[in-house]
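Listed below, chain by chain, are the residues.
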Amino acid sequence: MPKASSPYKVLVVDDSAVVRRLITNSLQGAKDIEVVGRAADPYQARDMINQLKPDILTLDIEMPRMDGLTFLKIIMEQSPMPVIIVSSLSQKNSKQTIQALSLGAADVLAKPDGAHSLGKVGDLLQDRIRGILSSERHFDRVLAKPDATAQKSAKSATMQINTIASKGPFHPQSIGLIGASTGGTIALRKIFENLPSNAPGMCIVQHMPEGITKAFAESLNSVSQMTVREAKDGDYVEHGLALVAPGNYHMLLMADSKGHQVKLKQSPKVWYQRPAVDVLFKSAASVVSHRAVAAVLTGMGRDGAEG
């Protein structure tokens, strides 16, 4: 990890010279971040890692000679370090991105598609780098083994829900609320592997870009007894159903005669996030606070604390 007075050292790995330049330019204005190298493929990246000792990598998935997933697996097995996946968000790449997160990637961002998206991607990437490298989390993950923070968070949240379950049938209006950021994908997977099919309806905000959340929900559904899917505007929260907030949409809870209904909105970001955990939690507090179990698994910045 870098010293407090030293800039965070970033290695950019992407086969596109244009994207390497865009990412580098997006980080140049940050005094606490330095791009120390740019690699066109994992073989160049391997040599640069040994030579430059970066604190964090940005990594594309689809590259020649060796794909990003294979390289990520090697990194996590041989010398674990923080990796941010920067990828296009096609349906195919969404599934690969979820796989990358399960292999130990710290976060995922949409690849810049030109100068017009440079500022947006740059601000997000700077926030992610600072959040990951300034945290106390240890990046000693190995293949298929979540880090201690994610495992502890998942165990705690699962125990809360199962404790309520042991006291008798769930109340019809009981709801589970979960917020997560960097590292949350691993913790959420552990939770949903252990929840019963009749668990209270769940609403989940995981900081993740548009185009990825659908595939992420499908990955949770594949390991859970509950039904897990991306939320749609107007959905009702029901036992046995978990709803994941879509990327780029806040998710709120409203109450009516039929129960608790999900509303999706593209209102301004909160704590630089959309979806934001605080938006979901605060809306739930006004309609279902006495029958809700809420958990913040992992975080970056302040999102979730007030909610």
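Up top is the structure.
Each value, and the rule that gives it
- Residues numbered from 1 in each chain as written.
- Predicted model: local features only at pLDDT ≥ 70, side-chain atom pairs only at ≥ 80, totals over all residues.
- Heavy atoms only, no water.
- Helix = DSSP H or I, 4+ residues; strand = E, 2+ residues; numbered from the N terminus.
- Buried < 20%, exposed > 50% of the residue type's maximum accessible area, 1.4 Å probe, protein only.
- Contact = heavy atoms within 4.5 Å.
- Pairing = 2+ DSSP bridges.
- Right-handed = clockwise from strand over helix to strand, strands pointing away.
- Axes fitted to C-alpha atoms, helices over the stretch in contact; angles between N-to-C directions.

## Observations concerning the environment of A231
And then number 1: Counting through the fold element by element, A231 comes out in the loop between β8 (227-230) and β9 (241-244).
And then number 2: Residue A231 is classed as buried on the basis of its relative accessible area of 5%.
And then number 3: Here the alpha-carbon distance between A231 and V262, two residues 31 residues apart in the chain, equals 7.7 Å.

## Details of the side chain of D60
And then number 1: Note on placement: D60 falls in the loop between β3 (56-59) and α3 (68-78).
And then number 2: Dropping the residues within four chain positions of it, D60 is found in contact with V13, D14, D15, G68, V86, S87 and K111.

## With respect to the pairing of strand β6 (residues 175-180)
And then number 1: Within β6, six of the six residues are buried, which leaves it mostly tucked inside the rest of the structure.
And then number 2: Residues of β6 alternate between two faces, with I175, L177 and G179 on one and G176, I178 and A180 on the opposite face, all of them buried.
And then number 3: Looking at chain direction, β6 and strand β7 (residues 201-206) are connected through six bridges and run parallel. Across the sheet, the residue bridging to G179 is V205, located in β7.
And then number 4: Note that the unit made of β6, helix α7 (residues 184-194) and β7 has a crossover that is right-handed.
And then number 5: Where β6 meets strand β12 (residues 292-296), five bridges bridge the pair, whose relative direction is parallel. Among the inter-strand pairings, G176 is bridged to a residue of β12, identified as V293.

## Observations regarding the sheet that holds β7
And then number 1: An order of β8-β9-β7-β6-β12 is seen for the five strands of this open sheet, with the pairing classed as parallel. Of all the strands in the sheet, the pair left with one neighbour each is β8 and β12. Between one strand and the next, the sheet's axes are offset by a mean angle of 15°, whatever the strand orientation.
And then number 2: Two strands pair when backbone bridges link them, and β7 and β9 are joined in this way by three bridges, in the parallel orientation. Within the sheet, the bridge partner assigned to I204 lies in β9 and is V244.

## Considering unusual backbone geometry
Across the chain, the bulk of peptide bonds are trans and the bulk of non-glycine residues have phi less than zero.
And then number 1: A cis geometry characterises the amide bond from R274 onward to P275, with omega recorded as 10°.
And then number 2: When you line up the elements, P275 lands in the loop between β11 (259-265) and α9 (277-288).
And then number 3: The phi dihedral of R65 falls on the positive side, at around 70°, and the residue is not glycine.
And then number 4: Within the element layout of this structure, R65 appears in the loop between β3 and α3.
And then number 5: One non-glycine residue, N248, adopts positive backbone phi at about 75°.
And then number 6: As for its position among the elements, N248 is in the loop between β9 and β10 (250-256).
And then number 7: Judged by its relative accessible area of 18%, N248 falls in the buried class.

Note that every value here comes from positions in space, so none of it alone points to a role or purpose.
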